[in-house]
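# Residue-level structure breakdown
Residue-level listing of the chains:
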There are 2 protein chains.
Amino acid sequence: MKGQTRLSWTDVRDEIRTRILHRTYAPGDKLPRDEDIAAELGCARTTVHRAMQDLSQIGLVERIRKGGTHVRTDPVTRATFDIPITRREVEQRGSKYDYQLISHALEDTPLSVMARFGIQQPARVLHVKALHLADNRPYMFEDRWIHTGSTPDILDVDLNMQSANEWLVRHKPYSRVDVRFYAMNAEGESAVYLSTSPGSALLVIERTTWIGQDPITSVQAVAAPGYQLTALN
Amino acid sequence: MKGQTRLSWTDVRDEIRTRILHRTYAPGDKLPRDEDIAAELGCARTTVHRAMQDLSQIGLVERIRKGGTHVRTDPVTRATFDIPITRREVEQRGSKYDYQLISHALEDTPLSVMARFGIQQPARVLHVKALHLADNRPYMFEDRWIHTGSTPDILDVDLNMQSANEWLVRHKPYSRVDVRFYAMNAEGESAVYLSTSPGSALLVIERTTWIGQDPITSVQAVAAPGYQLTALN
DNA sequence: GACTTTAATAAGTAGGCACATATTAATATT
DNA sequence: AATATTAATATGTGCCTACTTATTAAAGTC
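Thresholds, definitions, all that
Residues numbered from 1 in each chain as written. Chains lettered and ligands numbered in written order. Predicted model: local features only at pLDDT ≥ 70, side-chain atom pairs only at ≥ 80, totals over all residues. Heavy atoms only, no water. Helix = DSSP H or I, 4+ residues; strand = E, 2+ residues; numbered from the N terminus. Rg over C-alpha atoms; globule rule 2.2 N^0.38 Å. Contact = heavy atoms within 4.5 Å. Areas by Shrake-Rupley, 256 points an atom, 1.4 Å probe, with all protein chains shown as cover. Lys, Arg positive; Asp, Glu negative; His and termini not counted. Charge placed at Lys NZ, Arg CZ, Asp CG, Glu CD. Axes fitted to C-alpha atoms, helices over the stretch in contact; angles between N-to-C directions. Parallel < 35°, antiparallel > 145°, perpendicular 65-115°, else oblique. Left-handed = near helix turned anticlockwise from the far one by under 90°. Nonpolar A, V, L, I, M, F, W, Y, C, P; charged D, E, K, R; others polar. Pairing = 2+ DSSP bridges. Near = heavy atom within 4 Å. Polar contact = N/O pair within 3.5 Å; in protein donor to acceptor, adjacent residues only side chain to side chain. Domains from an automatic or database assignment. Least-squares fit on C-alpha atoms with pLDDT ≥ 70 in both. Buried area = accessible area lost by both parts, 1.4 Å probe. Salt bridge = Lys/Arg side-chain N within 4 Å of Asp/Glu carboxyl O. Phe/Tyr/Trp six-rings, centres within 6.5 Å; stacked < 30°, edge-to-face > 60°. Buried < 20%, exposed > 50% of the residue type's maximum accessible area, 1.4 Å probe, protein only. Lys NZ or Arg CZ within 6 Å of the ring centre and 35° of its normal.

### Things to note about the overall build of chain A
What chain A contains, in helices and strands, is 7 helices and 10 strands. Whereas a compact globule of 233 residues would reach a radius of gyration of roughly 17 Å, chain A reaches 24 Å, over 25% beyond that. Dimensions of chain A, computed from C-alpha atoms along their principal axes, come out at roughly 65 × 40 × 40 Å. Across chain A, the fraction of contacts at a sequence separation of at least 24, relative to all contacts at a separation of at least 6, is 58%. When the accessible surface of chain A is split by element, carbon and sulfur atoms take 48% of a total near 11800 Å². When the 29 basic and 29 acidic side-chain charges of chain A are each reduced to a single mean position, those positions are 7 Å apart.

Structural data, given as structure tokens:
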């Protein structure tokens, strides 16, 4: 017990971030070399390196080999969202979860889904429509396509008992996912099942997953009116 | 040059991730100790540690001191979004950016904004409405409140010349941000300025920032119809 | 002067070591 | 037997050292 409290990499990170906030290092500025910062703060270069890695991941600074570290000129706001299984999501709000299969049928991929999957030729897919409920009220309407080539097992699953959402997450790992958000007017089915009037604005979470090159599933999750997605932190 | 190619921590991370994908380590399973994995793969514990930290941050595993490392039971999809300055966003799509101030006025915070700021007493705010355009077409309608207590300088800025968005990002660092997405029906102003018909579904990005405890600004950015937010990666 | 080669630079990475910290299990004390 | 102390364990962290890699600048060559 000699060095009292030494600097942890999070301390260093916070110190550098404070300096950037205070414009000691202004946007566009080049920061001192890791080694010099280490010397100044009295820690090892490794520690500064670890701190810088984090700042770089957050999007506050940019690092280039040999070029040094720069404060980003156009700071971006980086927001991270967790998208859990719908059942989990409902239960964590303290609501009762229910699930209802609406329809399922073997079809060929429509053009829109081919585009999402990134395939040129139509493929056989299981087209599943389902409704998730929270406290007996519609929560999310799910319109899903499951590629039977990559996921033949899905045909043996009783989708009345278990949502495709859940089965897939538990049994079908993916290596890549595309997530996008957009707004949609309720119409036809989505309006009916979410028991809202046609035209009301709904948030859509669209997800497509692949394992290697092979598409697994693509889903449009249409949330009930009033739904908000909140970033972590 | 003896060890040929040694394992980098990203290699280790990918190897562990692959095993989790292949259910070698299934959800809920306890992974071997870092040291054992290191021994098995032929690298140092530090390297495994670095890999595990990343997997833990991604949300694939959970680590507890002494308790060991476990694969998360309910894998979440974690999506990250970059929200740049609007001008940047437009320019990066290869479009011409324009900006138009609609109105600005000193007001007291309405209740909704007090809630967003997390304050009990109304405060004087600059209420700014503006429109961002891409290739002369409406791109985003911005409805913003700026706290004059924390940011008095804003009153000296010529908002015809420079969007509040841009000025704030460049001159006003923040320490905390709340980001949320939701859908809204176009109505009144938003419909007019985004030149769409009332009722059409629009995606709203709502952001509120603080420096320490002090609120800086809260903005509702209403995107033109068709706007999609896409996750990184 | 245009090209190539070489050196210097700064970040990236791996490994080994020592110690910190949180948690559980085992042991000793009352 | 109930409680307190101690030991063992696994992750967390910091530091040092050595080497790698990408990039720029300088020196040398034609």
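### Observations concerning the packing of helix α2 (residues 34-41) of chain B against helix α3 (residues 45-58) of chain B
Packed helix pairs are characterised by how far apart their axes lie and by the angle those axes make with each other. Residue and element names in this part refer to chain B. Taken N-terminus to C-terminus, the directions of α2 and α3 make an angle of 115°; their axes are 8 Å apart at the nearest point. Considered as vectors, α2 and α3 are oriented roughly perpendicular to each other. Handedness of the crossing formed by α2 with α3: right-handed. Counted together, Asp 34, Glu 35, Ile 37 and Ala 38 of α2 and Arg 45, Val 48, His 49 and Met 52 of α3 form the full contact between these two elements. Class assignment of the residues belonging to the contact of α2 with α3 gives a composition of 4 nonpolar, 1 polar and 3 charged.

### With respect to the sheet that holds strand β8 (residues 201-211) of chain B
With antiparallel pairing, the 7 strands of this open sheet are ordered in space as β10(A)-β7(B)-β8(B)-β9(B)-β6(B)-β5(B)-β4(B). Both edges of this open sheet fall to β10 (229-230) of chain A together with β4 (97-108) of chain B, since each of them pairs with a single strand only. Two elements, strand β6 (residues 137-147) of chain B and strand β9 (residues 214-223) of chain B, share 7 bridges in a ladder whose sense is antiparallel. Its bridge partner being in β9 of chain B, Arg 144 of chain B is matched across the sheet by Val 219 of chain B. Helix α6 (residues 164-171) of chain B rests against β4, β5 (124-134), β6 and β9 of chain B of the sheet, and its axis sits at about 55° to β6 of chain B.

### A short note on the protein's contact with DNA strand D
What surrounds DNA strand D is a group of 22 residues, the closest being Ser 8 and Thr 47 of chain A together with Arg 45, Arg 63 and Arg 65 of chain B. A share of 76% is what sugar and phosphate atoms reach among the atoms of DNA strand D within 4 Å of the protein. For DNA strand D, a base oxygen lies 2.8 Å from a polar atom in the side chain of Arg 45 of chain B. A distance of 3.5 Å is found between a phosphate oxygen of DNA strand D and a side-chain nitrogen or oxygen belonging to Gln 53 of chain B. Mapped by element, the contributors of at least two residues to the surface near DNA strand D are α3 (45-58) of chain A together with α3, β1 (61-64) and β2 (68-71) of chain B. The residue inventory of the surface near DNA strand D, partitioned by class, reads 5 nonpolar, 7 polar and 10 charged.

### Some points on the domain arrangement of chain A
As far as domains go, chain A holds domain 1 (9-71) and domain 2 (86-223). If you average the C-alpha positions of domain 1 of chain A and of domain 2 of chain A, the two centres end up 43 Å apart.

### Considerations on the relation of the copies chain A and chain B
Mapping chain A onto chain B calls for a rotation angle of 180° and an axial translation of 0.1 Å; the resulting RMSD is 0.2 Å. Taken together, the rotation and translation describe the operation of a two-fold axis. Most of the interface of chain A is mirrored in chain B, where 100% of its interface residues again form contacts.

### What to know about the interface of chain A and chain B
Counting from both sides, the interface comprises 46 residues of chain A and, opposite them, 47 residues of chain B. In total, chain A and chain B occlude about 4200 Å² of area from one another, counting both sides; carbon and sulfur atoms represent 49% of this. The tally of links between chain A and chain B comes to 2 salt bridges. Residues Arg 78 of chain A and Asp 82 of chain B are paired through a salt bridge, measuring 2.6 Å at the closest nitrogen-oxygen approach. On the surface where chain A and chain B come into contact, there are 18 residue pairs in polar contact (both at pLDDT 80 or more). Elements supplying a minimum of two residues to the side of chain A that touches chain B: α3, β3 (77-83), α6 (164-171), β7 (176-185), β8 (201-211) and β10 of chain A. Among the elements that line the side of chain A that touches chain B, the one with the most residues is β7 of chain A, at 9 residues. Split into classes, the residues belonging to the side of chain A that touches chain B amount to 24 nonpolar, 12 polar and 10 charged.

### Remarks on the protein's contact with DNA strand C
Around DNA strand C, 22 residues are found, and the nearest of them are Arg 45, Arg 63 and Arg 65 of chain A together with Ser 8 and Thr 47 of chain B. In DNA strand C, atoms within 4 Å of the protein come from the sugar-phosphate backbone in 78% of cases. Ala 44 of chain B places a main-chain nitrogen or oxygen 3.1 Å from a phosphate oxygen of DNA strand C. The contact in question runs from a base oxygen of DNA strand C to an N or O atom on the side chain of Arg 65 of chain B, over 3.0 Å. Residue composition of the surface near DNA strand C, grouped by class: 5 nonpolar, 7 polar and 10 charged.

### Looking at the packing of aromatic side chains
Two measures describe an aromatic ring pair: the distance that separates the ring centres and the angle between the ring planes. Here the structure, examined in full by the defined rule, presents 10 aromatic pairs over all chains. Each ring, one from Phe 81 of chain A and one from Phe 181 of chain A, has its centre 5.8 Å from the other, and the planes form 85°; the classification is edge-to-face. Of this pair, Phe 81 of chain A sits in strand β3 while Phe 181 of chain A sits in strand β7, placing them 100 residues apart in sequence. Note on Phe 81 of chain A: relative accessible area 0%, which makes it buried. Taking relative accessible area as the criterion, Phe 181 of chain A reaches 0% and is therefore assigned buried. With 5.6 Å between their ring centres and 80° between their planes, Phe 81 of chain A and Phe 81 of chain B make a pair best called edge-to-face. Linking Phe 81 of chain A in strand β3 with Phe 81 of chain B in strand β3 (residues 77-83), this pair reaches from one chain into another. Comparing Phe 81 of chain A with Phe 81 of chain B shows no difference in burial state: the two are buried. In this structure an aromatic cluster arises from ring pairing among Phe 81 and Phe 181 of chain A together with Phe 81 and Phe 181 of chain B. Positioned above the aromatic ring of Trp 9 of chain B, the side-chain terminus of Arg 50 of chain B is 4.1 Å from the ring centre.

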